[in-house]
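Letter by letter, the chains look like this.
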Amino acid sequence: MSQTGRDAGQTGPGPGSAPRARRPERVYGVGSEPDARFSLANERTALAWLRTSLALVAAGVGLTSVAELAGLARWLDVVAALLCLCGGGLAVEAVAGWRRTERALRLGAALPAPRALLWLGALLVLLAVLLAGYAVGRLAR
Amino acid sequence: MTARGGTRDPGLQPERTALAWSRTGLVVAVLAASTAGLALRRPSTAGLVVATLAALCIAAVAVLILRTATAVSRHDLVDERSPWSRLVTLASACALLAAAGTVLAIAPPR
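Here the structure is a predicted model, which is why all the values come from computation and not from measurement.

> Help me out: how do you make sense of the overall build of chain B in this one?
For chain B, the helix and strand inventory stands at three helices and zero strands. Helices (α) and strands (β) of chain B occur, in sequence order from the N terminus, as α-α-α. When the 110 residues of chain B are sorted by exposure, 35% land in the buried category. Sequence-distant contacts, at least 24 apart, represent 76% of the contacts inside chain B between residues at least 6 apart.

In structure tokens form, the structure reads like this:
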């Protein structure tokens, strides 16, 4: 563990606070301390991604219970399970994205592209088409 | 009243971040509670598994809220602290909830 003097000097440790290596090392071991506002904004972005992942899980749970109550087709449960799984994946990606961005901030590098955004959009379009098709099919019957 | 960026902003940013944390924790807790409620309508092993997972999520959020509250009261959110362990805890709760939702969707009703 290399707790460098550079880090300690820039964050200005209060009296009596023992210098402690900040985890993860892969993020805090490189570069210099960025403006705290940028770090906090990065943190909030990760939380927003987590809330998005929770929205996907909520959609899955909601779809399951509505399908059960209204006696809808069984394959909707598979769609619901898929939504929940994507929500779980997005939660992992939220943390990975925070890590990438914080590292880039510390290095003064260009920020990484939000790659989950494209997949999320594609998933929502697919979901919309599936559910709209199912609704129209039921109305037509 | 003067919104001199340099003087006002540093106070607001940690506050906004703390609010984002509580917002997210609240969503986890509400979703976990309703998932557990739905699961307990099914008297089956799958229902019990889902309810247990959801209860774990609520416990994780409770721990997180306490930790964040103490960090805020020590003005400790900005320096020294890394949000890493808190982020990992919350993301684990989300993933756990996702697993619960998947079991709920796939398990045969009743």
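> What's the story with the overall build of chain A in this structure? I'm lost.
A tally of helices and strands in chain A yields five helices and zero strands. Along chain A, from the amino end to the carboxyl end, the secondary structure elements read α-α-α-α-α. Every one of the 141 residues in chain A was classed for burial, and the buried ones make up 28%.

> Honestly, the environment of A:Phe38 in this entry has me stumped. Any pointers?
For A:Phe38, the position within the fold is in helix 3 (residues 36–70). Once the C-alpha coordinates of A:Phe38 and A:Ala104 are considered, the two residues, 66 residues apart in sequence, prove to be 11 Å apart.

> Teacher, can you tell me more about the environment of A:Arg74 here?
Residue and element names in this part refer to chain A. Turning to its location among the elements, Arg 74 is positioned in the loop between helix 3 and helix 4 (75–107). According to the C-beta neighbour criterion, Arg 74 is exposed, with 10 such atoms within 10 Å. Spatially, the C-alpha atoms of Arg 74 and Thr 64 are 9.5 Å apart, while their sequence positions differ by ten residues.

> Teacher, can you tell me more about the interface of chain B and chain A here?
By a widespread convention, an interface's size corresponds to the accessible area lost as its parts come together. Counting from both sides, the interface comprises 34 residues of chain B and, opposite them, 38 residues of chain A. Those elements that place two or more of their residues in the side of chain B that touches chain A are helix 1 (5–40) and helix 3 (84–106) of chain B. If you tally residues by element for the side of chain B that touches chain A, the top one is helix 3 of chain B, at 15 residues. The residue makeup of the side of chain B that touches chain A, split by class, is 23 nonpolar, seven polar and four charged.

> Help me understand the nonpolar core, please; the structure alone is not making it clear to me.
Within soluble globular proteins, side chains that are nonpolar tend to cluster in buried spots. A:Leu50, B:Val28, B:Ala54, B:Cys57, B:Cys94 and B:Leu97 are the most contacted members of the largest nonpolar core, which has 50 residues in total. Counting residues per element, the ones that place at least two in this core are helix 3 and helix 4 of chain A together with helix 1, helix 2 (45–73) and helix 3 of chain B. Among the elements that line this core, the one with the most residues is helix 3 of chain B, at twelve residues. When near neighbours in sequence (up to four residues on either side) are disregarded, B:Ala54 contacts B:Ala32, B:Thr35, B:Ala36, B:Ala39, B:Leu97 and B:Ala100.

> Explanation requested: the packing of helix 4 of chain A against helix 3 of chain B in the structure shown.
Each packed pair of helices is defined by two parameters, the angle between the axes and the distance between the axes. Their axes nearest at 8 Å, the elements helix 4 of chain A and helix 3 of chain B cross at an angle of 170°. Judged by the inter-axis angle, helix 4 of chain A sits roughly antiparallel to helix 3 of chain B. On helix 3 of chain B, the residues touching A:Asp77, A:Ala80, A:Ala81, A:Cys84, A:Leu85, A:Gly87, A:Gly88, A:Ala91, A:Val92, A:Ala94, A:Val95 and A:Trp98 of helix 4 of chain A are B:Leu87, B:Val88, B:Ala91, B:Cys94, B:Ala95, B:Ala98, B:Ala99, B:Gly101, B:Thr102, B:Ala105 and B:Ile106. Considered class by class, the residues forming the contact of helix 4 of chain A with helix 3 of chain B number 18 nonpolar, four polar and one charged.

> Got a minute to help me understand helix 5 (residues 116–140) of chain A in this structure?
Working note: α-helix, 3.6 residues per turn, so residues spaced by three or four point in the same direction. An ideal rise of 1.5 Å per residue puts 36 Å on 25 residues; helix 5 of chain A measures up with 36 Å between its terminal C-alpha atoms. Of all 25 residues in helix 5 of chain A, one are buried; the element is thus mostly exposed.

> Please explain the confidence of the model for chain B as it appears in this structure.
Note: predicted coordinates in regions of low pLDDT should not be interpreted at a detailed level. Residues and elements named next belong to chain B. For chain B, per-residue confidence averages 84 on the pLDDT scale, and residues scoring 70 or more make up 83% of the total. Of all helices and strands in chain B, the one with the weakest mean pLDDT is helix 1 (86), whereas helix 3 scores best (95). Note on residues 1–6: pLDDT is under 50 here. Beyond four places in sequence and across chains, it has one contact. In the model output, the complex is listed with pTM 0.85 alongside ipTM 0.85.

Procedures and definitions
- Each chain has its residues counted from 1, running along the sequence as written.
- Just so you know, chain letters begin at A and ligand numbers begin at 1, following the order they were written in.
- At least 70 in pLDDT is required for a residue's local features to be given in this predicted model, at least 80 for side-chain atom pairs to be given and counted, and no such filter applies to totals for whole chains, interfaces and linings, which use all residues.
- Only runs of H or I of at least four residues qualify as helices and only runs of E of at least two qualify as strands under DSSP, and these elements are numbered from the N terminus.
- The exposure label follows from counting other C-beta atoms within 10 Å of a residue's C-beta, where the C-beta atoms are placed from the backbone and the thresholds are 20 or more for buried and 12 or fewer for exposed, leaving partly exposed in between.
- Any two residues are considered in contact once their C-beta atoms, placed from the backbone, lie within 7 Å.
- For this classification, the nonpolar set comprises Ala, Val, Leu, Ile, Met, Phe, Trp, Tyr, Cys and Pro, the charged set comprises Asp, Glu, Lys and Arg, and every other residue, Gly included, is treated as polar.
- Here a nonpolar core is just a set of buried residues of the types Ala, Val, Leu, Ile, Met, Phe, Trp, Tyr and Cys, joined wherever their C-beta atoms sit within 7 Å.
- Axis definition: a line fit to C-alpha positions, over the contact stretch in the case of helices; interaxial angles, taken between N-to-C directions, run 0 to 180 degrees.
- For classification, angles of less than 35 degrees are called roughly parallel, those exceeding 145 degrees roughly antiparallel, those between 65 and 115 degrees roughly perpendicular, and all remaining angles oblique.
- For a helix, the expected span equals 1.5 Å multiplied by the residue count minus one.
- On a range of 0 to 100, pLDDT expresses the predictor's confidence in each residue.

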